[in-house]
Amino acid sequence: MSPRGQLTAAAFAALSLACGDIASPRRADIYEWRLEVAATSGEGLDTVSFHWPAERLPVRIWVEQTDPLPADVAHAITVWRGEFLYGEYDATVVSDSSAADVIVTTGIQPDIGVSAVRLHSALAPQCAGATDINLSDDNTQLLLPIRIHIDPTSAPATPGLDECLALTITHELGHSLGIFRHSPNSSDLMYFNPSVPVPSERDRNTAEVIYHVPSTVEAVGP
Amino acid sequence: MPRLILLLALLLTGAAPRVRAQTEYYARVGVVGASNLLRDAIVERITVRQSIAPMVAAGGSVPIGTKGFRANAEATFASGKFHRNENGAKVDLGTLRTATLMLGLEGSLGLGLRWRGGLGVIQYWPSEHEGIFLSGGTTRFLAGGGIDYRHSAFANWDLMTSARYDFHRFRTGTLEDRGFSQAQAVSRISLSVGLSRRVR
């Protein structure tokens, strides 16, 4: 190759290096996350999709000071925050429950509001969890706070209880960030009876997509 | 590559005493702007980009050979915000610091102008290990060049104005873990002014 040809080839090589884009992964493997509630007018169902808007971040979470809830909630926040690449989700623990967006308590509360939806999680035999999502009558507002209930159904020293609580809190926090349905796949954290302690790739894909589609409800609260 | 750079740096500094009379040192301040660090698509197109950031640079050069070329080493440091853009909305992602070290050649263009070109590395230090930097910063190879203009100000001191262009391929460990392939080409341009000292 002549010197001129070599120079041209080098210039093309440099140009291609300087102009190429990174190839992003396909995020096609997701599951349905939208909540279906009775339509406010006529028959049929309304589909509810929600994510915390950037201006409301970090989400304020109040947690009952019963061990190991505070540590498990902090861990769950770290886990979910780490699933996002672009700062879509963040949360912090607050000390004032009246100013909280999400409240985490122990025990399953029997009474939920007429318009509330409870997402039960049939977890390991040592514990159970549920998340209450309260919508306005016209299904346009998410009335805060979201309430997460953690129920240690076994004695404190029961083997596997700590793992169950940690898994349950991470699962329920997944509901509070916008995954309003359960995954049909047993290998996902958001399966109704999960066995994995952290979000799967499918959980992550679903969470990422949620934060890049418009919400159908507006968070209204403290 | 880091070993090669270290070797070149040692050679450069080792050569300095013998050519002390012709050594030049300089320091500059300016700004640096960069193209997108990342393009992604989750429903909508997302880009991540650094804001124009203040920068400091320092370096030196010594003559090599008999044709008027000089070997140079230059380090820069910049600190600024970075953000994501989606549908025209900009979301702050924190502070991102970058440092570069480049070794190269320079030569005269006349009228106080000099060209330069070189190779080196760029290091990214995010303020938080979050998002695309969840697994920490990253070090990438860097290539670039530029033009300096020097105007004699005082004895042995020159005012110096510099324009630089460099590019590298950006990727982080987190992006690799998440299934991103290849790397994002990032171009950077900087403008700076400063002082250069000739040691005679």
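Residues numbered from 1 in each chain as written. Chains lettered and ligands numbered in written order. Predicted model: local features only at pLDDT ≥ 70, side-chain atom pairs only at ≥ 80, totals over all residues.

What about the overall build of chain B?
Reasoning step 1: Per the secondary structure count, chain B includes two helices and ten strands.
Reasoning step 2: Counting from the amino terminus, helix and strand elements in chain B follow one another as α-β-β-β-β-β-β-β-β-β-α-β.
Reasoning step 3: Within chain B, the fraction of its 200 residues that count as buried is 36%.
Reasoning step 4: Here the contacts in chain B between residues at least 6 apart in sequence split such that 59% fall between residues at least 24 apart. (Helix = DSSP H or I, 4+ residues; strand = E, 2+ residues; numbered from the N terminus. Buried ≥ 20, exposed ≤ 12 C-beta atoms within 10 Å, placed from the backbone. Contact = placed C-beta atoms within 7 Å.)

Structural notes on the overall build of chain A
Reasoning step 1: Each helix and strand in chain A was counted, giving four helices and nine strands.
Reasoning step 2: The helix and strand sequence of chain A, counted from the amino end, reads α-β-β-β-α-β-β-β-β-β-α-α-β.
Reasoning step 3: Residues counted as buried form 38% of the 222 residues belonging to chain A.
Reasoning step 4: Contacts in chain A between residues far apart in sequence, at least 24 positions, make up 68% of those at least 6 positions apart.

Section: the pairing of strand E10 (residues 184-199) of chain B
Residues and elements named next belong to chain B.
Reasoning step 1: Note: strand E1 (residues 23-34) against E10, twelve bridges, orientation antiparallel. When the bridges of E10 are listed, Ala-27 appears paired with Leu-195.
Reasoning step 2: With 14 bridges joining them, strand E9 (residues 157-170) and E10 adopt antiparallel strand pairing. In the strand pairing of E10, Trp-157 is matched with Arg-197. (Pairing = 2+ DSSP bridges.)

Structural notes on the environment of Gln-126 of chain A
Residue and element names in this part refer to chain A.
Reasoning step 1: One can find Gln-126 in the loop between strand E6 (116-121) and strand E7 (127-135).
Reasoning step 2: Along the backbone, Gln-126 and Pro-3 are 123 residues apart, and their C-alpha atoms lie at a distance of 75 Å.
Reasoning step 3: Look past the residues within four positions of Gln-126 in its chain and what remains in contact with it is Thr-153, Ser-154, Thr-158, Gly-160, Leu-161 and Cys-164.

Some points on the nonpolar core
Inside soluble globular proteins, nonpolar side chains tend to come together where they are buried.
Residues and elements named next belong to chain A.
Reasoning step 1: The biggest cluster of nonpolar side chains holds 43 residues, and the ones touching the most others in it are Ile-61, Val-73, Val-102 and Val-104.
Reasoning step 2: Breaking this core down by element, the ones donating at least two residues are strand E3 (59-63), helix H2 (69-81), strand E5 (102-106), E7, strand E8 (141-152), helix H3 (161-176) and helix H4 (201-210).
Reasoning step 3: Of the residues forming this core, the biggest block, six residues, is contributed by H3.
Reasoning step 4: If we ignore the near neighbours within four places in the chain, the residues touching Val-73 are Ile-61, Val-63, Val-93, Val-104 and Ile-169. (Core = buried A, V, L, I, M, F, W, Y, C linked by C-beta atoms within 7 Å.)

What to know about the packing of H2 of chain A against H3 of chain A
A pair of packed helices can be characterised by two numbers: the angle between their axes and the separation between those axes.
Residues and elements named next belong to chain A.
Reasoning step 1: In the contact formed by H2 and H3, the axes pass within 9 Å of each other and the chain directions differ by 50 degrees. The angle between H2 and H3 falls in the class oblique. Between H2 and H3 lies a crossing whose hand is right-handed. Taking contact as the criterion, the partners of Asp-72, Val-73, His-75, Ala-76, Val-79 and Trp-80 in H2 are, on H3, Leu-165, Ala-166, Ile-169, Thr-170, Leu-173 and Gly-174.
Reasoning step 2: In terms of residue class, the contact of H2 with H3 is made up of eight nonpolar, three polar and one charged. (Axes fitted to C-alpha atoms, helices over the stretch in contact; angles between N-to-C directions. Parallel < 35°, antiparallel > 145°, perpendicular 65-115°, else oblique. Left-handed = near helix turned anticlockwise from the far one by under 90°. Nonpolar A, V, L, I, M, F, W, Y, C, P; charged D, E, K, R; others polar.)

Shape descriptors only; they carry no functional weight alone.
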